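# Structural overview for review
Each chain, written out:
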Amino acid sequence: MKKTFAVILTVLLTAVLAISALAAESSFTVLTDAENEFVYKNDGTWDAGDSRVGDGTQSIIYAFSLSEGDTWAYVEFPICNQFKIEAAKDNPDDSASYTVAAEKQPTEQERADGLPFWGTAPFEAPTKVDLSDFCLDNSSGKIYVKVSDAAPENGWGPKIYNTSPVVFSHGSEKDIPGVQTFTAGTPDETAFIYNNDGTWVDSNNRICDNGTTVTYVFSLVENANFAQLEINIHNQYKIEVAVDDPDNADSYTVVEQLKIPDTADLEAEPWWGAGDDYVLHTIDLSDYCSTGRIYVKIGDVTPDTGWGGKIEGEVRFTSKIADGTEAQTSEPSEVQSFTAASAEENRFIYLNDRTWVDSGNRICDNDTSVTYVFDLAENADFAQLEIYIHNQYKIEVAVDDPDDADSYTVVEQLEIPDDADLEAEPWWGASEDYSLHVIDLSDYCSTGTIYVKIGDVTPDTGWGGKIEGEVRFISKAAEQAAEADPVEPTSAPVEEPAPVEEPAPVDEPTPGGEEPIPAVDEPAPAAQEPAPSAETPAEPETSPNTFDFGVIAAVSAMISLAGFAAAKKR
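What this report covers is the structure whose coordinates are included nearby. (Residues numbered from 1 in each chain as written. Predicted model: local features only at pLDDT ≥ 70, side-chain atom pairs only at ≥ 80, totals over all residues. Heavy atoms only, no water.)

### Structural notes on the overall build of the chain
Looking only at helices and strands, the chain features six helices and 37 strands. Across the 570 residues in the chain, those meeting the buried criterion constitute 51%. Put simply, of all contacts in the chain between residues at least 6 apart along the chain, 75% involve residues at least 24 apart. (Helix = DSSP H or I, 4+ residues; strand = E, 2+ residues; numbered from the N terminus. Buried < 20%, exposed > 50% of the residue type's maximum accessible area, 1.4 Å probe, protein only. Contact = heavy atoms within 4.5 Å.)

This is the structure in structure tokens:
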């Protein structure tokens, strides 16, 4: 009995160590109790109602915990004004231990022009700071991050807003996906922005005009020596790349730009190059795989004339091993899971076509859709999707060419009613289908990858698919299929009251400042919350404080087994 218990305990400990090695994320919102768990020292910063502010010599130090084997780490701050972000891996009380990781302060010219309020533009996108260098030779297991005033003599110090969370993510090279994607101008883009220097979003396109630039950061899979960027960009753009020192303009090399015309041509036609180049640009970045990270800066090739770079649609970054096979971070798990509308969901989103988050649920309304991508376990010929979804949903599946709508096959949808029934009750099907849907996808195991697109079965009426709670994808060899029993999500959704008839409908806005989605006959009734606007973005869910639920489960199991053994002994 003792030997059996020792074996089980060893297995559980191994599982705990394996779980702790996975990429992890923790977050908090300033001025909440959750923030207190990360504050190492607060030297005078204060509550300004909508933000935490520090002026002059005031500062705050946060302590973030690493996992064993971590090789990369990032922190994102919803911050503006004249800030300085420093980091240290030990001796947090010694100012000499800190190195500046990011800084925004007035230029000499701005100081000479007398702009004491410089830098106080409204917060637009989080500042993402690369802390990977502080993972190396780190004996403390922590990274200390100090936020202070970059120009203490003039006030206007750092302002960390409470409208978005501070997010700390960390892990090893083995956690990095071979394909990383986002859609320009959407919340998914934020995680990849290293620095946004004045660019803005217009109709879901990112505009890099005049002297403004946006810098993205991509992490490569372990041992990758092939990298490729696919981007839909036009107008007078310039794309530059760096592998280190991303705040130094001299670190960048131009890899592609729209050819600059002769001065005479440019004078006669200052909008030269605008709107003429809509093709998808595929750029080989394999020569830049030396450090494990690639910084891509995009701006205006002729900053004095306007008509700068315009990024639209999906941006796709791929890193692979030399033989051309996409480098796998590890063998795909038999069970892959995430919670809808959480940070972990992003790793499985292949394309988010204007869906949005409302109260922790992902809404696929009107003609919007979200496409997830799942990798099958080795030799899998059994696959199964478990999902909590209701309203008027449609689930489609493809195994290749995921950008072609004709590649998809409908595997489940809420039955479409007769037109008469739908006309009388446009919210038909809403809030009536809360059960866990278990969908057999074994017929789609041919390529090793399955794409699952979820949308609205009646896009003209609103009340589209609503995904909530845990989503699980299981892939196994056929003889193991019997073990794939559905597991109820950690928290079952609460049943909503039946919707009531609403007054005359209006067009429903979409998230991120997009144009409203026109409804053909009757838009989504107001019973379903509209997408958050750009002015009041929905606050993302905070994730557990670097603590994986798997660890909790494993430790709980260990305690239970220990109690069982003790009882047997008595």
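### Examining the sheet that holds strand E8 (residues 83–88)
Strand order in this open sheet of five strands is E2-E5-E11-E8-E9, and the pairing throughout is antiparallel. At either margin of the open sheet sits one strand with a lone partner, and together these are strand E2 (39–43) and strand E9 (99–103). Taking each pair of neighbouring strands and ignoring which way they run, the sheet shows an average axis angle of 20°. In this sheet, strand E5 (residues 59–65) lies alongside E2 in antiparallel orientation, the contact comprising four bridges. For asparagine 42, the partnering residue across the bridge sits in E5 and is isoleucine 60. (Pairing = 2+ DSSP bridges. Axes fitted to C-alpha atoms, helices over the stretch in contact; angles between N-to-C directions.)

### With respect to the side chain of asparagine 235
Along the chain, asparagine 235 turns up in the loop between strand E19 (226–234) and strand E20 (237–242). Within the structure, the side chain of asparagine 235 is placed 3.3 Å from the backbone oxygen of glycine 308, a separation counted as a polar contact. (Polar contact = N/O pair within 3.5 Å; in protein donor to acceptor, adjacent residues only side chain to side chain.)

### Here's the deal with the pairing of strand E11 (residues 142–149)
Most of E11 is tucked away, with seven of its eight residues classed as buried. Looking at chain direction, E8 and E11 are connected through six bridges and run antiparallel. Paired with phenylalanine 83 across the strands is aspartate 149, a residue of E11.

### Here's the deal with the pattern of salt bridges
Under the definition given, this model contains 10 salt bridges. Notably, a salt bridge pairs arginine 206 with glutamate 189, separated by 2.8 Å at the nearest N-O pair. One end of the pair, arginine 206, is in strand E17 (residues 205–208); the other, glutamate 189, is in the loop between strand E14 (179–183) and strand E15 (193–197), with 17 residues separating them in the sequence. When the shortest N-O distance is used, the salt bridge between arginine 354 and aspartate 367 registers 3.2 Å. Placement of arginine 354 in the loop between strand E27 (349–353) and strand E28 (356–358) and of aspartate 367 in the loop between strand E29 (361–364) and strand E30 (369–375) is noted, with a sequence separation of 13 residues between them. (Salt bridge = Lys/Arg side-chain N within 4 Å of Asp/Glu carboxyl O.)

### A closer look at unusual backbone geometry
In this model, asparagine 235 sits at a positive phi of 70°, which is unusual for a non-glycine residue. Looking at asparagine 235, the relative accessible area reads 8%, which means it is buried. A positive phi angle, close to 55°, is found at asparagine 366, a residue other than glycine. Residue position: asparagine 366 is located in the loop between E29 and E30. You can call asparagine 366 buried: its relative accessible area is 3%.

### Things to note about the sheet that holds strand E13 (residues 166–171)
The strand order across the open sheet built from four strands is E1-E13-E6-E10, with neighbouring strands paired in antiparallel fashion. Every other strand in the sheet has two partners, leaving strand E1 (24–28) and strand E10 (127–130) as the edge strands with one partner each. Taking the axes of each pair of neighbouring strands and ignoring which way they run, one obtains an average angle of 15° across the sheet. Across five bridges, E1 lies against E13 in antiparallel orientation. Each residue of the ladder has a partner; that of phenylalanine 28, found in E13, is valine 166.

### Quick word on empty space enclosed by the protein
Which parts of space are left empty comes out when a probe the size of a water molecule is rolled across the atoms. This structure, assessed with the given rule, holds two cavities of 30 Å³ or more. Considered as a void within the structure, the second largest cavity measures approximately 40 Å³ in volume. The wall of the second largest cavity is formed by Thr45, Arg52, Val53, Gly54, Ile60, Val147, Pro158 and Ile160. Class assignment for the residues of the lining of the second largest cavity results in five nonpolar, two polar and one charged. (1 Å grid on protein atoms, 1.4 Å probe; cavity = no way out; pocket = protein on both sides within 12 Å on 5 of 7 lines; lining within 4 Å. Points joined across faces, edges and corners; volume = space filled by probe spheres on them. Nonpolar A, V, L, I, M, F, W, Y, C, P; charged D, E, K, R; others polar.)

### Topic: the nonpolar core
Core analysis: the largest hydrophobic core is formed by 41 residues, its most contacted members being Leu285, Ile298 and Ile311. Here isoleucine 298 is in contact with Cys208, Thr212, Thr213, Val214, Tyr216, Ile231, Ile233, Lys238, Ile239 and Ile311, once residues within four sequence places are set aside. (Core = buried A, V, L, I, M, F, W, Y, C linked by side-chain atoms within 4.5 Å.)

### Concerning the side chain of threonine 355
You can see threonine 355 is positioned in the loop between E27 and E28. Residue class for threonine 355 comes out buried when judged on its relative accessible area of 4%. In this structure the side chain of threonine 355 is engaged in a polar contact, spanning 3.0 Å, whose partner is the side chain of arginine 362.

### Some thoughts on a nonpolar patch on the surface
Taken together, the side chains of Leu115, Phe117 and Trp156 define a hydrophobic patch exposed on the protein surface, amounting to about 280 Å² of accessible area. Of note, tryptophan 156 is situated in the loop between E11 and strand E12 (159–161). For tryptophan 156, a relative accessible area of 39% gives the class partly exposed. (Patch = residues over 30% accessible without salt bridge, like charges linked within 9 Å, V, L, I, M, F, W, Y side chains within 5 Å. Areas by Shrake-Rupley, 256 points an atom, 1.4 Å probe, with all protein chains shown as cover.)

### Some thoughts on the environment of tryptophan 46
Examined against the element boundaries, tryptophan 46 turns out to sit in strand E3 (residues 46–47). Taking the C-alpha atoms as reference points, tryptophan 46 and isoleucine 60, 14 residues apart in sequence, are found 9.7 Å from one another. Once residues within four sequence positions are removed from consideration, tryptophan 46 is found in contact with Ser51, Arg52, Val53, Gly54, Asp55 and Gln58.

### Regarding the packing of aromatic side chains
Per the stated rule, a full pass over the model turns up 23 aromatic pairs. With a centroid separation of 6.4 Å and 15° between ring planes, the pair formed by phenylalanine 338 and phenylalanine 374 is classed as stacked. One end of the pair, phenylalanine 338, is in strand E26 (residues 335–339); the other, phenylalanine 374, is in strand E30, with 36 residues separating them in the sequence. Arranged with centres 4.5 Å apart and planes meeting at 10°, the rings of phenylalanine 374 and phenylalanine 473 form a pair that is stacked. On the criterion of sequence distance, the pair formed by phenylalanine 374 in strand E30 and phenylalanine 473 in strand E37 (residues 470–476) is long-range, its members being 99 residues apart. Each member of the pair, phenylalanine 374 as well as phenylalanine 473, carries the same accessibility label: buried. Put simply, the rings of Phe28, Phe38, Tyr62, Phe64, Phe77 and Phe168 touch in pairs and so form one group of aromatic residues. Its end group placed over the ring of tyrosine 74, lysine 128 keeps NZ or CZ at 4.6 Å from the ring centre. Against the face of tyrosine 408 rests lysine 453, its NZ or CZ located 4.3 Å from the ring centre. (Phe/Tyr/Trp six-rings, centres within 6.5 Å; stacked < 30°, edge-to-face > 60°. Lys NZ or Arg CZ within 6 Å of the ring centre and 35° of its normal.)

In short, the description is geometric, and any link to function would need to be established separately.
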